[in-house]
Amino acid sequence: MRLSDARFADLHCRVVPGVDGGSPSVVKAIQSLRALRSEGVGALVLAQPLEPARHPGSMALRRRLDELQAGYERMCEAAAGRLDVPVLHSGQVIRIVDADDVRRVAEDPRVGLGGSRFLLVEFDRDLRGEPLKLIRAVRSAGRELLVSHPERCRFPWSPNPLDTVRRWVDAGAYLQVGLASLAEGGGACGADAEALAWSLLEAGLVHALSSGAHVEVASLPVQHRAVLGRLARCGGARQAAQLLGGNPRRVLRDQLPSPVAPLRVPLPV
């Protein structure tokens, strides 16, 4: 498979050994990368976990970023010269509940998806920290924000999660839904996550899809083609191409994601 044949780009994959959610070894990580390349993933962000609250102070945060950079460089070294793995990019998935942490992180040029201004942010599952306030803090720091798997949040105070997420987008956030929430058969992330993921697609609020996978086990579940097929069967082939390829590549080029048309044909039951 030539690089030009690789139609997908994935902005959130956790395969770096030695970090939370990563592969058990470099050998297993390379196996996962080969599986992704065979699936058609040509560009991949190694999104390693960054939790600023656990690293108070500028020195501690710099040390953590040094550790993540070293992990990324180890993977690049292991993949050097291989044509059977995706092109690798550095990145982080940032868990934040405090606007002050946003400002600390945004100041470091190493933070971002593939060197872009985009921060991949994971909100607290119960939405502690006022997401709208966090979104404003990211934007005021001159960064763009991509919310990782919003469909998995619990929305304890919201009678209508879709309306809540729509307010995030209106405030300037972009949304990245996890492939596991849309995979054939559903249930991997729970029925609520699956239902909200489809509602977000039908409302035209999703900007990218990615694996978002934790690879503590031997292999990575590869679902890009399966989700592409499922969206195509719902009349969403064009949207799938944008979500799995076009918009992720735009982010890596430091360009804003293009709007994605609502998925107008409902999922068959």
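As shown above, the structure is provided for reference.
Residues numbered from 1 in each chain as written. Predicted model: local features only at pLDDT ≥ 70, side-chain atom pairs only at ≥ 80, totals over all residues. Heavy atoms only, no water.

A. Fine view of the overall build of the protein chain. Per the secondary structure count, the protein chain includes eight helices and eight strands. Taken over 269 residues, the protein chain has a buried fraction of 53%. Summing over all exposed atoms, the protein chain offers an accessible surface of approximately 11800 Å²; the carbon and sulfur share of this is 51%. (Helix = DSSP H or I, 4+ residues; strand = E, 2+ residues; numbered from the N terminus. Buried < 20%, exposed > 50% of the residue type's maximum accessible area, 1.4 Å probe, protein only. Areas by Shrake-Rupley, 256 points an atom, 1.4 Å probe, with all protein chains shown as cover.)

B. Summary view of the pattern of salt bridges. A full pass over the atoms with the stated rule returns 16 salt bridges. Measuring nitrogen to oxygen at the nearest pair gives 3.5 Å for the salt bridge that ties Glu194 to Arg230. One end of the pair, Glu194, is in helix H6 (residues 191-202); the other, Arg230, is in helix H7 (residues 224-233), with 36 residues separating them in the sequence. According to the relative accessible area criterion, Arg230 is buried, its value standing at 9%. It is possible to trace a salt-bridge network through shared partners that takes in Arg117, Arg139, Glu144 and Asp254. (Salt bridge = Lys/Arg side-chain N within 4 Å of Asp/Glu carboxyl O.)

C. Expanded view of the nonpolar core. Judged by nonpolar contacts, the single largest core of 64 residues is most densely connected at Leu33, Phe123, Trp168, Leu209 and Leu231. Ranked by the residues each element gives to this core, the list is headed by helix H2 (residues 58-79), at six residues. Setting aside residues up to four positions removed in sequence, Phe123 forms contacts with Pro131, Leu134, Ile135, Val147, Cys153 and Trp168. Residues Ala9, Val45, Phe118 and Leu146 belong to the second largest nonpolar core, which totals 13 residues. (Core = buried A, V, L, I, M, F, W, Y, C linked by side-chain atoms within 4.5 Å. Contact = heavy atoms within 4.5 Å.)

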